[in-house]
Amino acid sequence: MPASPSTARALNDRLALRLLQQEGPLTAGQLKQLTGLSRPTVADLVDRLTAAGLITVVGESGEQRRGPNARVYGIVAGRAHLAALDVRTEGVLVLVSDLLGRVLAEASAPIGGDTGTGPAVERAVAAVERAVKEGGADRLHTVGIGAPGLIDPATGDLRDSAGLPAWHRSLVAALQDRLPGARVTVENETNLAALAEQREGAARDRDTFVLLWLGHGVGAAVVLDGTLRRGASGGTGEIGFLPVPGTSTLPSATDCDGGFHSLAGAAAVVSLAAECGLPVPGTVDGPADGTADRPDGPVDGPGVARVVRGAADGVEAARVVRGAVARAAAADERFLHTLADRIAIGAASVAAVLDPGCVVLGGEVGRAGGAVLADLVGERLRRMSPLATEVRASGLGGAAVLRGALLTARERAQDELFGPPEHHSRRRPE
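Residues numbered from 1 in each chain as written. Predicted model: local features only at pLDDT ≥ 70, side-chain atom pairs only at ≥ 80, totals over all residues. Heavy atoms only, no water.

The protein chain goes by Transcriptional regulator in an unreviewed UniProt entry, where it is assigned to Streptomyces rubradiris. Regarding the protein chain, the relevant UniProt record gives this comment under Sequence similarities (unreviewed entry): "Belongs to the ROK (NagC/XylR) family." (UniProt positions renumbered as here; feature names shortened; annotations may be inferred.)

Set out below in structure tokens:
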């Protein structure tokens, strides 16, 4: 059935706004050419969008031709302001942007593991408020948050997960209370990193791929036919619990020790480096079975001559991997090849089930290994699997989660603001 006049207008408006977002400022003539709409229809939509405060004249073109210059229209970037948060176990990173995604201010707040829930939340919220003020924003329209852990698909809330700070789950409510009118949404950090890689990073030419997150823990994000897949319980990609060969036990419903996490998580990476004789900060002599005093349990596998005292995090593991890639001595090569063997086990399991054609190595360890580690894992996958699977390094460095949170916030804000005309005034700044 043909669209009603109001529906057709809404579709035309959205099309024009998307073009202005993608191409930058355009004249009415350029909008006519790109949309295929008639001149009167384009003139009408320009009038509507201008009256709604969504577009404005940003310049003129055609200065060298006869007749009046053509007005150039652009999206009103200040029509809404957005915030993106990368929530980590040790703190939070914040950025504030305009509606086009241009970053206006950044802030960070380190939060120690011994900080209580109340003070931790207050410190995180204060960082957001500081960035909002420095960015010159009166208020926020949408806030996108990336955090470790599972997101309940029914409620959109961060589920209670063992090992994660309690302040993570309290942060959303606090932001909603302190930022009246703002839409606050939370998404798993690995999923956001995958969205960023899809739009701006290593998977821009892929509709189907898997991001393998290698950091403090391990995880995966699955994008199939251009769509992020979360699963029935929001747990798609929880491959830290994947039972794999090479571990001394099996994972449980509450503990991923014995799963893929025990082969490729940060503690396992640092312990492997120590076993290979690489310089590892904080190592001590320990028994050969790797059962020295460590908060996160014994190291999987026998023969570990030295172990790390204290829980290894993704930053420490990344430093070890980056050093091995840079030095490329015999011990470094042995370490990187063994690490690639381990990562390939998880990647091959994912490939056998999903056949994604591409695996991107992200997280602190994946980024530190870069193309060297990606090539080693790819070489092993070619031997292990009949399914052609390209392995790539992350293209976004440490900004993937924050970029994904910003892209998500921008899309959700634009979905509302670029909707039918009757919605345009709902969140217009006072």
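J.: Explain the nonpolar core to me, and be specific about the residues and the numbers.
T.: Counting residues in hydrophobic clusters, the biggest one holds 47 residues, and the most contacted among them are Leu-54, Ile-55, Phe-209 and Leu-211. When residues in this core are grouped by element, the largest group, nine residues, is from helix H12 (residues 400–417). Apart from the residues within four sequence positions on either side, Leu-211 is in contact with Thr-190, Ala-193, Ala-194, Glu-197, Gly-219, Ala-220, Ala-221, Val-360, Leu-361 and Gly-362. (Core = buried A, V, L, I, M, F, W, Y, C linked by side-chain atoms within 4.5 Å. Buried < 20%, exposed > 50% of the residue type's maximum accessible area, 1.4 Å probe, protein only. Helix = DSSP H or I, 4+ residues; strand = E, 2+ residues; numbered from the N terminus. Contact = heavy atoms within 4.5 Å.)

J.: Before we move on, can you summarise helix H9 (residues 314–327) with the specific residues and values?
T.: Given 3.6 residues per turn, any residue in an α-helix points the same way as the ones three and four places further on. Given a rise of 1.5 Å per residue, 14 residues ought to cover 20 Å, and the 20 Å separating the end C-alpha atoms of H9 matches this to within 8%. Inspection of H9 places Gly-314, Glu-316, Ala-317, Ala-318, Val-320, Val-321, Gly-323 and Ala-324 among the buried residues, and these make up the whole buried set. (Expected span 1.5 Å × (residues − 1).)

J.: Quick rundown of unusual backbone geometry? Include the residues and the values.
T.: Unlike most non-glycine residues, Asp-225 shows phi in positive territory, near 50°. Note that Asp-225 resides in the loop between strand E10 (218–224) and strand E11 (227–229). In this structure Asp-225 comes out as exposed when scored by relative accessible area, which is 63%. A positive phi angle is found at Asp-355, which is not glycine, with a value near 50°. Following the sequence through the fold, Asp-355 ends up in the loop between helix H10 (330–354) and strand E14 (358–362).

J.: Summarise empty space enclosed by the protein; cite the residues concerned and give the values.
T.: Evaluation of the coordinates by the stated rule reveals one cavity of 30 Å³ or more. Empty space within the largest cavity amounts to approximately 30 Å³. Around the largest cavity sit Val-87, Ile-145, Ala-147, Leu-158, His-168, Leu-171, Val-172 and Val-186, which together line it. At the level of secondary structure, the elements contributing two or more residues to the lining of the largest cavity comprise strand E7 (142–147) and helix H5 (167–178). If you tally residues by element for the lining of the largest cavity, the top one is H5, at three residues. (1 Å grid on protein atoms, 1.4 Å probe; cavity = no way out; pocket = protein on both sides within 12 Å on 5 of 7 lines; lining within 4 Å. Points joined across faces, edges and corners; volume = space filled by probe spheres on them.)

J.: Tell me about the confidence of the model for the protein chain, residues and numbers included.
T.: Averaged over every residue, the pLDDT of the protein chain is 86; the share at 70 or more is 87%. At the level of individual helices and strands, the protein chain shows its lowest average pLDDT in strand E13 (residues 306–308), which scores 30, and its highest in strand E15 (residues 390–393), which scores 98. Confidence drops under a pLDDT of 50 for residues 284–311, and excluding neighbours within four residues, the segment shows 58 contacts in the predicted structure. Segment residues 423–430 is flagged for pLDDT under 50; beyond a separation of four residues in sequence, or across chains, it makes 24 contacts in the model. (pLDDT = per-residue confidence, 0-100.)

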